[in-house]
Amino acid sequence: MKTFHSISQFSSQKHTVVTIGTFDGVHIGHRKIISKLIQASDDTDLESLVLTFFPHPRMILQDNQELKLLNTIEERIQLLSDCGLKNLVIHPFDHAFSRLTAEEFVQSIIAEQFNCKKMIIGYDHRFGRNRTATIEDLIVYGEKYHFEVEQISAEEIQDVTVSSTKIRKAIEEGNLALANSYLGYYYLLTGKIEKGKGIGRTINFPTANLVVEETYKLIPKQGVYVIQSKWEDKLVKGIMNIGFNPTVNGEKQSIEVHFFDFDEILYDKKIQIQVIHRLRDEIKFESLEKLKIQIQLDKEEALAYFTSK
């Protein structure tokens, strides 16, 4: 997949089939649209192209700094690439871009820059300044600027009752089973491993301190989770604690991962965690010894969970 970090960077001699969206989560509903895009590309010999935006438009237009996203932009690129796309355009969304009229957007970007011959879009898609233009307007513009519009009907997507908002709510509540079923993959946390206090090693449960640098990334509800990660083509299983480490009077939230049967030094390495299942709330214990006993129980429960799958 070719990735372009603004609309102006993209150019192709071939005609394209295009869809547009924020695609936060790249969930099963998004994948239904993208699979239609790729099928159309295969059937018509058009280049598949997704136009997405970063930052999220709501962060700009509503000054919504509290909005947390399901994917970092790197994760979104990774997930869209896995879908089999040919081209991804990530445009920096700002107020100036939001002021384009619907026809300016269609003429200068869809028709001229993207050389589009077909658009695939949801039945409720709105676009242009103040999002006033509808799918009916797009069909009219398509006739004027010589591209076909394929509308995904409400009936086609009603069976996928999923949205990024529903997934965010499930993750915030610790309902990973629901969130992962909507995503179609295990929720991801990507970050760098930094050196912690080393307390885990003193009780024979060494942990890796995962730092997610992107402040807009949604971190799951505090608690203990079953996780796994790929390390040098090997799938490593483990448990993860998100919280304040109250047993040792932690002062800020941390994400600590303990991998089973794993001795690699991970400091300063970037890793990706797949968050599979929530085991329990974070608890303050009377002593490190009692914490050690509970972690052993968590490990046994996690291993039993993996065995049951």
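Now for a quick tour of the structure.

### Points about the pairing of strand β7 (residues 187-194)
Looking along a regular strand, one sees the side chains alternate between the two faces of the sheet.
Step number 1: In terms of residue burial, β7 counts as a mostly covered element, since six of its eight residues are buried.
Step number 2: Taken together, the three bridges between β7 and strand β8 (residues 208-211) define a ladder with antiparallel strand orientation. Across the sheet, residue Glu-194 finds its bridge partner in β8, namely Asn-209.

### A few points about the sheet that holds strand β12 (residues 270-280)
Sheet strands associate in pairs through backbone hydrogen bonding, adopting either a parallel or an antiparallel arrangement.
Step number 1: One closed barrel holds the six strands; their spatial order is β7-β8-β11-β10-β9-β12, and the pairing between them is antiparallel. Recorded for the sheet is a direction-independent mean angle of 45° between the axes of neighbouring strands.
Step number 2: Note: β7 against β12, six bridges, orientation antiparallel. Within β12, the position partnered with Leu-189 by the bridge is Ile-273.

### Thoughts on empty space enclosed by the protein
Sizing a probe to match a water molecule and rolling it over the atoms shows the empty space that remains.
Step number 1: Evaluation of the coordinates by the stated rule reveals one cavity of 30 Å³ or more.
Step number 2: What lines the largest cavity is Ser-229, Lys-230, Trp-231, Val-236, Phe-259, Phe-262, Leu-266 and Ile-271.
Step number 3: Among the elements that make up the lining of the largest cavity, the one with the highest residue count is strand β9 (residues 223-231) (three residues).
Step number 4: Each residue belonging to the lining of the largest cavity can be placed in one class, and the counts come to six nonpolar, one polar and one charged.

### Quick notes on the pattern of salt bridges
Step number 1: Per the stated rule, a full pass over the model turns up 11 salt bridges.
Step number 2: Note that Lys-144 is salt-bridged to Glu-103, the shortest N-O span being 2.6 Å. Placement of Lys-144 in helix α6 (residues 135-145) and of Glu-103 in helix α5 (residues 102-113) is noted, with a sequence separation of 41 residues between them.
Step number 3: The class of Glu-103 is partly exposed, set by a relative accessible area of 24%.
Step number 4: Taken together, the salt bridges that share partners define one network made up of Lys-36, Lys-118, Glu-148 and Glu-150.

### A few points about the packing of aromatic side chains
Step number 1: The tally for this structure, following the rule as stated, stands at 10 aromatic pairs.
Step number 2: Their ring planes at 80° and their centres at 5.6 Å tell us that Phe-53 and Phe-93 sit as a pair that is edge-to-face. Highlighted residues: Phe-53 in strand β3 (residues 47-53) and Phe-93 in the loop between β4 (87-91) and α4 (95-98), separated in sequence by 40 residues. Pair check on accessibility: Phe-53 and Phe-93 agree, each one buried.
Step number 3: With centroids separated by 6.2 Å and ring planes inclined at 90°, the aromatic side chains of Phe-97 and Phe-105 adopt a geometry described as edge-to-face.
Step number 4: For Phe-97, a relative accessible area of 12% corresponds to the buried category.
Step number 5: Note on Phe-105: relative accessible area 8%, which makes it buried.
Step number 6: One aromatic cluster is present, built from ring pairs that chain together Phe-53, Phe-93, Phe-97, Phe-105 and Phe-127.
Step number 7: Sitting over the face of the ring of Phe-306, Lys-237 holds its NZ or CZ atom 4.7 Å from the ring centroid.

### Focus on the packing of helix α8 (residues 164-172) against helix α9 (residues 176-183)
Step number 1: Contact geometry of α8 with α9 gives a least axis separation of 8 Å together with a crossing angle of 150°. It follows from the interaxial angle that α8 and α9 lie roughly antiparallel. The two elements α8 and α9 cross, and the hand of that crossing is left-handed. Within the contact between the two elements, α8 uses Lys-166, Ile-167, Ala-170 and Ile-171 and α9 uses Leu-178, Ala-179, Tyr-182 and Leu-183.
Step number 2: Residue classes in the contact of α8 with α9 are distributed as seven nonpolar, no polar and one charged.

What counts, and at which threshold
- Residues numbered from 1 in each chain as written.
- Predicted model: local features only at pLDDT ≥ 70, side-chain atom pairs only at ≥ 80, totals over all residues.
- Heavy atoms only, no water.
- Buried < 20%, exposed > 50% of the residue type's maximum accessible area, 1.4 Å probe, protein only.
- Helix = DSSP H or I, 4+ residues; strand = E, 2+ residues; numbered from the N terminus.
- Pairing = 2+ DSSP bridges.
- Axes fitted to C-alpha atoms, helices over the stretch in contact; angles between N-to-C directions.
- 1 Å grid on protein atoms, 1.4 Å probe; cavity = no way out; pocket = protein on both sides within 12 Å on 5 of 7 lines; lining within 4 Å.
- Points joined across faces, edges and corners; volume = space filled by probe spheres on them.
- Nonpolar A, V, L, I, M, F, W, Y, C, P; charged D, E, K, R; others polar.
- Salt bridge = Lys/Arg side-chain N within 4 Å of Asp/Glu carboxyl O.
- Phe/Tyr/Trp six-rings, centres within 6.5 Å; stacked < 30°, edge-to-face > 60°.
- Lys NZ or Arg CZ within 6 Å of the ring centre and 35° of its normal.
- Parallel < 35°, antiparallel > 145°, perpendicular 65-115°, else oblique.
- Left-handed = near helix turned anticlockwise from the far one by under 90°.
- Contact = heavy atoms within 4.5 Å.

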